[in-house]
Amino acid sequence: MLKIEDLWVSIDGREVLKGINLAIPPGETHILFGKNGSGKSTLLMAIMGFSRYQVTKGRIFFLGQDITQLPTFERARMGLGLSFQRPPTLRGVKTGDILAACAGDRVSYQSLAAAYDFTRFLDREVNYGFSGGEIKRSELLQLLAQDPKMVLLDEPESGVDLENLEVVGEIIGRLLQKDRRRHHRDKSGLIITHTGFIMDYINADRGYILLDGRLLCSGNPQDILQDIKRFGYEECTRCRR
Ligand code: ADP
Ligand code: MG
């Protein structure tokens, strides 16, 4: 589904990612851990192709095609979807209109909104005055409407209270077809989490730790989370499993 080869990314001339290698097969969900400033968001932004994130070396393949030079909208059209860590507020754009644009003629955005108790937000401007949990719900509903083959989620649980966390977990489970048996799933995910809370709602296949722009570790995501809790990220620089 997604393959990244020796990816180096700079922002404003500063090297942030230093040789990332990663492969995510269809139907698998991978988790990206790492402390603040290590380059996690940068990796998702580079996969999505935002021009500020300059690929200085390496390649990104999606569905077998080299997308390293493709503009963002074409990546989205191919089936890459992103939920931002800090989504922008869009004054003058109604949430219902952006949901409708994401849905096209695939699904009824009104019934999607109704299913997740979101109808009363449709007439409001995107994210304007929304709580943290409402912003994340709005982001994830846009993704559901878009129905991407691969979802990139940047800290979907940040700023979300426990009550909303359940809904957020449920939507992510639906995005990643967690209701199906493993070999019947074809959607993939790459999810950044700080807390690991979201892992209670999805069973992830693999985890990584990103430290200072390099992937240091790969393995069972629950094991990795336990190790981070017990030993902290600093231990990763020594361990290098
Ligand atoms: P993480 O998501 O792991 O917390 P980021 O990818 O957001 O880390 O940031 C990695 C590094 O790149 C940080 O040092 C951050 O300050 C820097 N950075 C991120 N975005 C920008 C930007 N738009 N302009 C300048 N520096 C940035
Ligand atoms: Mg981040």
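What counts, and where the lines are drawn
- Residues numbered from 1 in each chain as written.
- Chains lettered and ligands numbered in written order.
- Predicted model: local features only at pLDDT ≥ 70, side-chain atom pairs only at ≥ 80, totals over all residues.
- Heavy atoms only, no water.
- Helix = DSSP H or I, 4+ residues; strand = E, 2+ residues; numbered from the N terminus.
- Buried < 20%, exposed > 50% of the residue type's maximum accessible area, 1.4 Å probe, protein only.
- 1 Å grid on protein atoms, 1.4 Å probe; cavity = no way out; pocket = protein on both sides within 12 Å on 5 of 7 lines; lining within 4 Å.
- Points joined across faces, edges and corners; volume = space filled by probe spheres on them.
- Donors = N, O, S within 2.8 Å, 3.2 Å for Na, K, Ca; no water.
- Arc of directions from axis to C-beta.
- Polar contact = N/O pair within 3.5 Å; in protein donor to acceptor, adjacent residues only side chain to side chain.
- Near = heavy atom within 4 Å.
- Pairing = 2+ DSSP bridges.
- Axes fitted to C-alpha atoms, helices over the stretch in contact; angles between N-to-C directions.
- Contact = heavy atoms within 4.5 Å.

With that settled, consider unusual backbone geometry. Of note in this structure, Glu-155 is not a glycine but carries a positive phi near 50 degrees. Note on placement: Glu-155 falls in the loop between β9 (150-154) and α6 (162-175). Judged by relative accessible area, which is 7%, Glu-155 ranks as buried. A positive phi angle, close to 50 degrees, is found at Asp-212, a residue other than glycine. Relative to the helices and strands, Asp-212 resides in the loop between β11 (206-211) and β12 (214-219).

One water molecule sets the probe size; rolling that probe over the atoms shows where empty space is left. As a volume, the largest pocket reaches approximately 590 Å³. At the level of elements, α2 (72-78), β6 (80-83), α3 (95-103) and α5 (132-146) are the ones that each hand at least two residues to the lining of the largest pocket. Its volume calculated, the second largest pocket comes out at about 360 Å³. If you trace the second largest pocket, you find 19 residues lining it, with Ser-41, Thr-42, Gln-85, Arg-86 and Asp-154 closest to the centre. If you tally residues by element for the lining of the second largest pocket, the top one is helix α1 (residues 40-48), at four residues.

Distances from the magnesium ion (ligand 2) to its protein donors, Ser-41 (OG) and Gln-85 (OE1), fall within 2.1 to 2.2 Å. With Ser-41 in helix α1 and Gln-85 in the loop between β6 and β7 (90-94), this pair connects stretches of sequence that are 44 residues apart.

Among the residues of helix α7 (residues 221-231), Pro-221, Ile-224, Leu-225 and Ile-228 are the ones counted as buried. What you see down the axis of α7 is that its buried residues fit within an arc of 100 degrees, all on one side. Regarding α7, its N-cap is Asn-220, as a side-chain oxygen of that residue lies 2.7 Å from the backbone nitrogen of Gln-222 further along. A positive backbone phi angle near 80 degrees is found at Gly-232, which sits one or two residues after α7.

Gly-37, Gly-39, Lys-40, Ser-41 and Thr-42 are the nearest of the 13 residues found near ligand 1. Between an oxygen atom of ligand 1 and a main-chain N or O atom of Lys-40, the distance comes to 2.9 Å. The set of elements that each furnish at least two residues to the shell around ligand 1 consists of β2 (14-24) and α1. Per-element accounting of the shell around ligand 1 gives the leading share, three residues, to α1.

Spatial strand order, β6-β9-β10-β3-β11-β12: six strands in an open sheet with mixed pairing. Looking at strand neighbours, the two that pair on one side only are β6 and β12, the edges of this open sheet. In this sheet, adjacent strand axes meet at a mean angle of 20 degrees when their direction is disregarded. Here four bridges tie β6 to β9, and the two strands are oriented parallel to one another. Paired with Gly-81 across the strands is Val-151, a residue of β9. In the packing of α7 onto the sheet, contacts are made with β3 (29-33), β11 and β12, and the angle to β11 comes to roughly 40 degrees.

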